[in-house]
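In case you want the letters, here they are:
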Amino acid sequence: MAKVKITLVKSLIGRKKDHIATANALGLKKIGKTVEHESTPQIRGMINKVDYLLKVEEV
């Protein structure tokens, strides 16, 4: 399965609570933090929900 590299590029301050929770569930708490996840439908859905906060790269 393909991996994706996800980086938080915008602040979570002032966002909806469920968007903050989604970013935290992805492992992103600070701006500039990068994590790698398998590209599953669940992870893709989380990315799509908060895509305006993230930079996503295929690995």
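The rules we used
Residues numbered from 1 in each chain as written. Predicted model: local features only at pLDDT ≥ 70, side-chain atom pairs only at ≥ 80, totals over all residues. Heavy atoms only, no water. UniProt positions renumbered as here; feature names shortened; annotations may be inferred. Pairing = 2+ DSSP bridges. Helix = DSSP H or I, 4+ residues; strand = E, 2+ residues; numbered from the N terminus. Axes fitted to C-alpha atoms, helices over the stretch in contact; angles between N-to-C directions. Buried < 20%, exposed > 50% of the residue type's maximum accessible area, 1.4 Å probe, protein only. Polar contact = N/O pair within 3.5 Å; in protein donor to acceptor, adjacent residues only side chain to side chain. Contact = heavy atoms within 4.5 Å. Core = buried A, V, L, I, M, F, W, Y, C linked by side-chain atoms within 4.5 Å.

Under an unreviewed UniProt entry, the name given to the protein is Large ribosomal subunit protein uL30, and the organism recorded is Clostridium paridis. Under the UniProt heading Subunit (unreviewed entry), the entry covering the protein gives this text: "Part of the 50S ribosomal subunit."

## Notes on the sheet that holds strand β3 (residues 54-58)
With antiparallel pairing, three strands are arranged side by side in an open sheet as β2-β1-β3. The sheet is open, and its two borders are formed by β2 (34-38) and β3, each paired with just one other strand. Each strand axis lies, on average, 25° off the axis of its neighbour in the sheet, ignoring direction. In terms of strand pairing, strand β1 (residues 3-8) meets β3 through five bridges, oriented antiparallel. Across the sheet, residue T7 finds its bridge partner in β3, namely K55.

## Digging into the side chain of S39
Position of S39 among the secondary structure elements: in the loop between β2 and α2 (41-49). Residue classification places S39 among the buried positions, given a relative accessible area of 18%. Within the local environment of S39, its side chain forms a polar contact with the side chain of R44, the two groups lying 3.1 Å apart. Aside from chain neighbours lying at most four places away, what touches S39 is M1, A2, K3, V4 and R44.

## Section: the nonpolar core
The tendency in soluble globular proteins is for nonpolar side chains to be buried side by side. I6, L8, L26, L28, I47, L53 and L54 are the most contacted members of the largest nonpolar core, which totals 13 residues. Within the residue set of this core, elements represented by two or more residues are β1 and α2. Residue contributions to this core peak at three residues, all from β1. Sequence-distant contacts of I47, defined by excluding residues within four places in its chain, comprise V4, I6, L54 and V56.

## Notes on the environment of V35
Among the structural elements, V35 can be located in strand β2. With relative accessibility at 14%, the residue V35 sits in the buried group. As a C-alpha pair, V35 and G45 span 10 residues in sequence and 16 Å in three-dimensional space. Not counting the four nearest positions on each side in its chain, V35 is found in contact with V4, K5, I6, L26, G27 and L28.

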